[in-house]
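The lines below spell out each chain.
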There are 2 protein chains.
Amino acid sequence: MPGSAVVAAETVGRVSLYRVLLSGLQQAGIKGVFSHQLSTSAGVSAAQVRRDIITLGYSGSPQHGYDVAELIESIDNFLDAPDGQNVALVGVGNLGRAVASYFAGRRPKLRLVALFDIDPEKSGRVICGVRCYPQEKITEVVRSERVSIVILGVPAPAAQAVADACVAGGARGILNFAPVALRVPPGVYVENLDMARSLEKVAYFARKAGG
Amino acid sequence: MPGSAVVAAETVGRVSLYRVLLSGLQQAGIKGVFSHQLSTSAGVSAAQVRRDIITLGYSGSPQHGYDVAELIESIDNFLDAPDGQNVALVGVGNLGRAVASYFAGRRPKLRLVALFDIDPEKSGRVICGVRCYPQEKITEVVRSERVSIVILGVPAPAAQAVADACVAGGARGILNFAPVALRVPPGVYVENLDMARSLEKVAYFARKAGG
DNA sequence: TAGATTGTTAATCGATTAACAATC
DNA sequence: TAGATTGTTAATCGATTAACAATC
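Conventions and cut-offs
- Residues numbered from 1 in each chain as written.
- Chains lettered and ligands numbered in written order.
- Predicted model: local features only at pLDDT ≥ 70, side-chain atom pairs only at ≥ 80, totals over all residues.
- Heavy atoms only, no water.
- Near = heavy atom within 4 Å.
- Polar contact = N/O pair within 3.5 Å; in protein donor to acceptor, adjacent residues only side chain to side chain.
- Helix = DSSP H or I, 4+ residues; strand = E, 2+ residues; numbered from the N terminus.
- Nonpolar A, V, L, I, M, F, W, Y, C, P; charged D, E, K, R; others polar.

So, on to the protein's contact with DNA strand D. With respect to spatial proximity, 20 residues lie near DNA strand D, and among them Arg51 of chain A together with Ser35, Arg50, Gly60 and Tyr66 of chain B are the closest. At the protein interface, 63% of the atoms of DNA strand D within 4 Å belong to sugar or phosphate. Between DNA strand D and Gln48 of chain A, the relevant distance is 3.0 Å, taken from a phosphate oxygen to a side-chain nitrogen or oxygen of the residue. Taking Tyr66 of chain B, its side chain carries an N or O atom lying 2.9 Å from a phosphate oxygen of DNA strand D. Sorting the residues of the surface near DNA strand D by element identifies helix H3 (46-56) of chain A together with helix H2 (35-42) and helix H3 (46-56) of chain B as the ones contributing at least two each. No other element matches H3 of chain A, which puts 4 residues into the surface near DNA strand D. The class makeup of the residues in the surface near DNA strand D is 7 nonpolar, 9 polar and 4 charged.

Dropping the structure here:
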């Protein structure tokens, strides 16, 4: 049964990238693709592309490679929940809003259903078509709106308390922009996305390479 | 000689996080710290914290652990260029602006000196105190402004051409938000930061964990 | 068929962790 | 000193890659 085995987080990330690349090929009218073509665009080895595709439960043929449309469908089945998933964003700052607008409409299976902010001027309003609640209501609204995914755009000192409130409401996944390791119970997945950290890595190696 | 050995990208990222955590401790008036304390906040093992600190060239003592102020200074010496580094942002959309405002003032050693956008309404103007140029001028301005780091906030189809122009101007590091593997010459460092990919990883595991 | 590609295994590689002697 | 921590080594772990037989 596909989906029942444990899949590495890295694999899921690569599959997500393959879908983006395949959509581009499809829009260009390309019907078939070989592993080494995806390999080049994704920046991984061809063997890994083939292994990832096997994980999806899809098979290619030695003569024609992989059918683009069918492979996209396999990835959809793998990545997307049939009924979609509800997403909330906590911390409606510049970053939070950019993230929200970045996703708006791109992935219809992920629905942004609630915003939260500590600023009373923001909570109570409707921003980008989504209602913004005060942060005290996180647990209540996460539960009532059946939010399974939370995007955490709050400052580091507030992150743990907000995460706790989200988990208490039933959230199972957190995309954490704050530079702290969140403590969460087993079964809750946390993905850290620290932009300052990434930029400092680039700065470091730009300097070392520049000699 | 510290800094001459090859250091893994993961190590640099962790060190960046340690600095953030240590700054928080320092502001709270805490003078000393043990490896297991940083270990908890950073979400890595204590042995790894100790090994990373050795990489910095700093030493603690078995009795007092590490001196917070001295450790921060060691990290500054490790991560920061003495004269700072110049940064450019290509693609002044919602995301780009959020990233720019996110960094403004936080890291004085990283100076945002130029923006680029394909939209003629943006180029020519001054946005957030930084001049915005048309994209045709990338190579020229990157060279004249001595930009070593580029934040790439353009759509995927444009990313490779923009990266090429930046590298031609002398850029040595790229923070790439576009979901494509950039081809760059040896000595140029690329860090990929794909938010859609991260969110889909969260969505996948939130679903699997939720049962 | 011939040949390039897929599916699959074994080998490699590197990072992380566990364990422990050295230290103050 | 006693004891907890640091510095350092060996072991573990897992992901990635290389290689090759199977396939159409």
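A separate point is the protein's contact with DNA strand C. Around DNA strand C sit 20 residues, and of these Ser35, Arg50, Gly60 and Tyr66 of chain A together with Arg51 of chain B come closest. Backbone atoms, meaning sugar and phosphate, make up 64% of the atoms of DNA strand C lying within 4 Å of the protein. Between DNA strand C and the protein, one listed contact pairs a phosphate oxygen with a backbone N or O atom of Gly60 of chain A at 3.0 Å. In this structure, a base nitrogen belonging to DNA strand C sits 3.4 Å away from a side-chain N or O atom of Arg50 of chain B. Contributing elements (two or more residues each) for the surface near DNA strand C: helix H2 (35-42) and H3 of chain A together with H3 of chain B. A per-class count over the surface near DNA strand C returns 7 nonpolar, 9 polar and 4 charged.

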